[in-house]
Amino acid sequence: MFTTIFLLVAGLLALVAIIVALQPSTFTITRRAVLDAPAAAAFAQINEFENWRNWSPWEDIDPALKRTYTGSRGGVGATYAWEGNNKVGTGRMTITDVRPDEAIWIKLEFFKPMAGVCTAQFTFRPGAGGTEVTWTMTGRNNFVAKLFCLFISSEKMIGGQFEKGLANLKALLETPARV
């Protein structure tokens, strides 16, 4: 009886391990929005991390978020570290490359609740009705991340936050300045 239960549990664990191992090793999440604003305005909001307080979707999740800015004010070398509740976690972003009004690359380092390193990219292109802003995050899935993704869709969870952030950015840049 014990042997049967042991073999059944071991077989089930082996099956789960195989299913997890067969999941994709990399991921890409992308969202786009067209803003009725010049590329330079969108670029400026993203290129300086202190501006993220105006539109970032994570600002509403933890009002007590602790922020630290180091390096240059914007552009290559600008760094933003955060410590938040368990929904926001702890991490750091560093701008690694920029093409003014065209693209920004950011190294994302997550420390808590789950460690990981990703790359975020923002691109700005002329589009019908304004500037098309594309927000993309790419990274690698380790075994734990693959297991997590079996139960929770990172595409929907993170993609939903990207959609909210782009909507916030759109509202910010399309709202006429108050005198």
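These lines cover the structure that appears in this document, whether it is placed above or below.

What counts, and at which threshold
- Residues numbered from 1 in each chain as written.
- Predicted model: local features only at pLDDT ≥ 70, side-chain atom pairs only at ≥ 80, totals over all residues.
- Heavy atoms only, no water.
- Helix = DSSP H or I, 4+ residues; strand = E, 2+ residues; numbered from the N terminus.
- Buried < 20%, exposed > 50% of the residue type's maximum accessible area, 1.4 Å probe, protein only.
- Areas by Shrake-Rupley, 256 points an atom, 1.4 Å probe, with all protein chains shown as cover.
- Patch = residues over 30% accessible without salt bridge, like charges linked within 9 Å, V, L, I, M, F, W, Y side chains within 5 Å.
- Salt bridge = Lys/Arg side-chain N within 4 Å of Asp/Glu carboxyl O.
- Core = buried A, V, L, I, M, F, W, Y, C linked by side-chain atoms within 4.5 Å.
- Contact = heavy atoms within 4.5 Å.
- Lys, Arg positive; Asp, Glu negative; His and termini not counted.
- Polar contact = N/O pair within 3.5 Å; in protein donor to acceptor, adjacent residues only side chain to side chain.
- Pairing = 2+ DSSP bridges.
- Phe/Tyr/Trp six-rings, centres within 6.5 Å; stacked < 30°, edge-to-face > 60°.

### Focus on the overall build of the protein chain
Summing up its helical and strand segments, the protein chain has four helices and seven strands in all. When the helices and strands of the protein chain are placed in sequence order, the string is α-β-α-β-β-β-β-β-β-α-α. Looking at the protein chain as a whole, 35% of its 179 residues qualify as buried. Accessible area for the protein chain stands at about 10600 Å²; split by element, carbon and sulfur atoms hold 61% of it.

### What about a nonpolar patch on the surface?
A cluster of nonpolar residues, Met1, Ile5, Val9 and Leu13, forms a patch on the protein surface that exposes about 450 Å² of accessible area. Its place among the elements puts Val9 in helix H1 (residues 2-21). Owing to a relative accessible area of 44%, Val9 belongs among the partly exposed residues under this scheme.

### A closer look at unusual backbone geometry
Of note, the amide linkage connecting Lys112 to Pro113 takes the cis form, showing an omega dihedral of 5°. For Pro113, the position within the fold is in the loop between strand S5 (103-112) and strand S6 (116-127). Positive phi outside glycine occurs at Asp101, with the angle close to 65°. Mapped onto the fold, Asp101 is located in the loop between strand S4 (90-99) and S5. The exposure class of Asp101 is partly exposed, given its relative accessible area of 33%.

### Examining the nonpolar core
One finds Ile46, Ile106, Phe122 and Phe124 to be the most contacted residues of the largest nonpolar core, which totals 33 residues. Of all elements in the fold, only strand S1 (26-35), helix H2 (39-47), strand S3 (79-83), S4, S5, S6, strand S7 (130-140) and helix H4 (154-174) reach the threshold of two or more residues within this core. Excluding residues that lie within four positions of it along the chain, Ile106 makes contacts with Phe49, Trp52, Met93, Thr94, Ile95, Thr96, Cys118, Thr119, Ala120 and Phe122.

### Observations concerning the side chain of Asp62
Following the sequence through the fold, Asp62 ends up in the loop between H2 and strand S2 (66-70). The side chain of Asp62 is buried and forms no salt bridge, while Arg67, the nearest opposite charge, is found at 7.8 Å. A polar contact is formed between the side chain of Asp62 and the backbone nitrogen of Asn85, at a distance of 2.7 Å. Filtering out sequence-adjacent residues up to four positions away, Asp62 remains in contact with Gly84, Asn85 and Val88.

### Some remarks on the pairing of S5
In this structure, S4 lies alongside S5, joined through nine bridges in antiparallel fashion. Residue Thr94 lies in a different strand from S5, and its bridge partner there is Lys107. Hairpin connection between S4 and S5: a loop of three residues separates the two successive antiparallel strands, and Asp101 in this loop has a positive phi of roughly 65°. Relative to S6, S5 is paired through eight bridges, and the arrangement is antiparallel. Its bridge partner being in S6, Lys107 is matched across the sheet by Thr119. Hairpin connection between S5 and S6: a loop of three residues separates the two successive antiparallel strands.

### Looking at the packing of aromatic side chains
Throughout the structure, instances matching the rule amount to 14 aromatic pairs. Ring geometry for Phe49 versus Tyr80: centroids 5.9 Å apart, planes at 35°, classification tilted. Taken together, the residues span a long stretch of sequence, with Phe49 in the loop between H2 and S2 and Tyr80 in strand S3 at a distance of 31 residues. With a centroid separation of 6.2 Å and 80° between ring planes, the pair formed by Trp58 and Trp135 is classed as edge-to-face. Here Trp135 lies in strand S7 and Trp58 lies in the loop between H2 and S2, a separation of 77 residues in the sequence. The exposure class of Trp135 is buried, given its relative accessible area of 3%. An aromatic cluster of three or more residues is present, and its members are Phe49, Trp52, Trp55, Trp58, Tyr69, Tyr80, Trp82, Phe110, Phe122, Trp135 and Phe162.

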